[in-house]
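Single-letter residue listing:
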Amino acid sequence: MRHMCGGAVPRPSWVFLVKKGYQDFDTSLQSSVITKVKGVTFTNTSELGERLWDVADYVIPPQGENIFFIITNLIVTPHQRQETCAESESIPDAVCYEDSDCPPGEPIMAGNGVRTGRCLQSGNTQRGTCEIFAWCPVETKSRPEKPLLGKAEDFTIYIKNFIHFPKFNFSKTNVLDTKDRDFLKSCRFGPKNPYCPIFRLGSVVSWAGSNFQEIALQGGVIGIQIEWNCDLDKAPSECNPRYYFSRLDSRFPGNSVSSGYNFRFAKYYRDEAGVEFRTLMKAYGIRFDVMVNGRAGKFSIIPTIINMASGVALMGVGSFVCDLVLIYFIKKSNFYRNKKYEEARSGHAGNGKVSVEQLQDLQTVEA
């Protein structure tokens, strides 16, 4: 009699069916991502006047890479020229009470320019700010309370992804293979349309768990992950992309100074006299990181043999461990030992001899 410890023995079927132990895998996914944003909106502000915004105005960089930025809010400082002016009062290092507090030639690292040696005091107060040589006037405005491009949530993002698994020479894209030129002009991504990679901007933000007006005001970072898990033993049509959306930057409660995403850039001009001036823009917006990963599996005889041999070996080891525990470590080990092994007794006690008839009887019993 043999006691079986079935619960302790790994099941080969689990390796083969669930983990696909009969397949060889390729995780060296080669991928290319092309992005395009479309949409227009109109604004009317004191700094910029009436202005129509199209993709050339609010998308950075314009090349359509896997990382791109959409401007949703701006602080504009127009007509800056290189000359002397008072540093901003919001810069701690710029505070002064006399000229000696502003050593000439020293830059204000957290500020906007280089000290000239003068302390400019406003009104009758003794406290002032250092005069600097910089792009003047310096930026002094605070962030608007409403996003400039608040209607950008209706813009669309086109994400085209090419993938290739070199081990199996398998390639695919996330765009429907069709000759209909109007398909991409009218379709939108959804459960019934997984091969239309055109996403509404507001929907992407919502799927990432954020409010569009909130993130448009102070900026943020959203990750778009495309996952390809392909079983190449099936038809190529069964290899489909899956999309995941998440907010990547840390969101702090309230109006924390650490919240959001922004940077500055400028547009340069020259007046009729040839003097250079610029418009400084502090841009708030949404940065998108498109990430692609995945793996492909296909039947191969080598992993099949290896996993079958491993499963058989593990079953043998499991049986041996069960016997070891039941024979030597449990209280009723004698009962199990007696059931597992049969003891051959001689016909005559003490003489150590066995007759031919006794051997024949023993063979009959074993048979």
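Before reading on, note that the structure itself is shown above.
In what follows, the accompanying structure is described. (Residues numbered from 1 in each chain as written. Predicted model: local features only at pLDDT ≥ 70, side-chain atom pairs only at ≥ 80, totals over all residues. Heavy atoms only, no water.)

## Topic: a nonpolar patch on the surface
- Where nonpolar side chains cluster on the molecular surface, the patch consists of Phe299, Ile301, Ile302 and Ile305 and spans about 420 Å² of accessible area.
- With three residues, the single largest contributor to the nonpolar patch is helix 6 (residues 301–328).
- The residue isoleucine 302 is located in helix 6 in this model. (Patch = residues over 30% accessible without salt bridge, like charges linked within 9 Å, V, L, I, M, F, W, Y side chains within 5 Å. Areas by Shrake-Rupley, 256 points an atom, 1.4 Å probe, with all protein chains shown as cover. Salt bridge = Lys/Arg side-chain N within 4 Å of Asp/Glu carboxyl O. Helix = DSSP H or I, 4+ residues; strand = E, 2+ residues; numbered from the N terminus.)

## Topic: the state of the cysteines
- With the rule as written, the count across this model stands at five disulfides.
- A sulfur-sulfur separation of 2.0 Å characterises the disulfide bridge that pairs cysteine 85 with cysteine 136. Between cysteine 85 and cysteine 136, the S-S torsion sits near -75°, and that sign places the bridge as left-handed. With cysteine 85 in strand 6 (residues 67–86) and cysteine 136 in strand 9 (residues 128–136), the pair connects residues that are 51 residues apart, well separated along the chain. For the pair shown, cysteine 85 and cysteine 136 are each scored as buried.
- Bridging cysteine 230 to cysteine 239, the disulfide has an S-S length of 1.8 Å.
- The exposure class of cysteine 230 is buried, given its relative accessible area of 5%. (Disulfide = S-S within 2.5 Å. Buried < 20%, exposed > 50% of the residue type's maximum accessible area, 1.4 Å probe, protein only.)

## Considerations on the pairing of strand 13 (residues 220–231)
- Here strand 13 lies mainly inside the structure; ten of its twelve residues are buried.
- In terms of strand pairing, strand 13 meets strand 16 (residues 276–299) through twelve bridges, oriented parallel. Residue pairing for strand 16: isoleucine 224 is matched across the bridge by valine 290.
- Two elements, strand 13 and strand 14 (residues 241–247), share seven bridges in a ladder whose sense is antiparallel. Counterpart to glutamate 227 in the pairing with strand 14 is arginine 242. (Pairing = 2+ DSSP bridges.)

## A word on the pattern of salt bridges
- All told, the structure shown has eleven salt bridges when counted by the stated rule.
- With its nearest N and O atoms 3.6 Å apart, the salt bridge here joins lysine 167 to aspartate 24. Highlighted residues: lysine 167 in the loop between strand 10 (156–165) and strand 11 (170–173) and aspartate 24 in strand 1 (residues 23–26), separated in sequence by 143 residues.
- The closest approach of N and O atoms between aspartate 289 and arginine 287, which form a salt bridge, is 2.9 Å.
- A relative accessible area of 25% means that arginine 287 is categorised as partly exposed.
- Taken together, the shared-partner salt bridges connect Glu153, Asp154 and Arg200 into one network.

## Notes on the nonpolar core
- Ranked by internal contacts, the top residues of the largest apolar core, which has 44 residues, are Val37, Tyr58, Ile159, Leu201, Ile222, Cys230 and Phe288.
- Where this core is concerned, the elements lending two or more residues are strand 2 (30–38), strand 6, strand 10, helix 4 (201–207), helix 5 (212–218), strand 13, strand 14 and strand 16.
- Those residues within four positions of cysteine 230 in sequence are excluded, and the remaining contacts are Phe165, Phe170, Cys239, Arg295, Ala296 and Gly297.
- Counting eight residues, the second largest nonpolar core, distinct from the first, contains Cys85, Ala134, Cys136 and Val138. (Core = buried A, V, L, I, M, F, W, Y, C linked by side-chain atoms within 4.5 Å. Contact = heavy atoms within 4.5 Å.)

## A look at a positive patch on the surface
- Where like charges cluster on the molecular surface, the positive patch consists of Lys36, Lys38, Arg181 and Lys185.
- You can see lysine 38 is positioned in strand 2.
- Residue class for lysine 38 comes out exposed when judged on its relative accessible area of 59%. (Lys, Arg positive; Asp, Glu negative; His and termini not counted. Charge placed at Lys NZ, Arg CZ, Asp CG, Glu CD.)

## Some remarks on unusual backbone geometry
- Cis geometry is found at the peptide bond from isoleucine 60 to proline 61, where omega equals -10°.
- Here proline 61 lies in the loop between strand 5 (59–60) and strand 6.
- Proline 137 follows cysteine 136 through a cis peptide bond whose omega is 0°.
- Within the secondary structure, proline 137 sits in the loop between strand 9 and strand 10.

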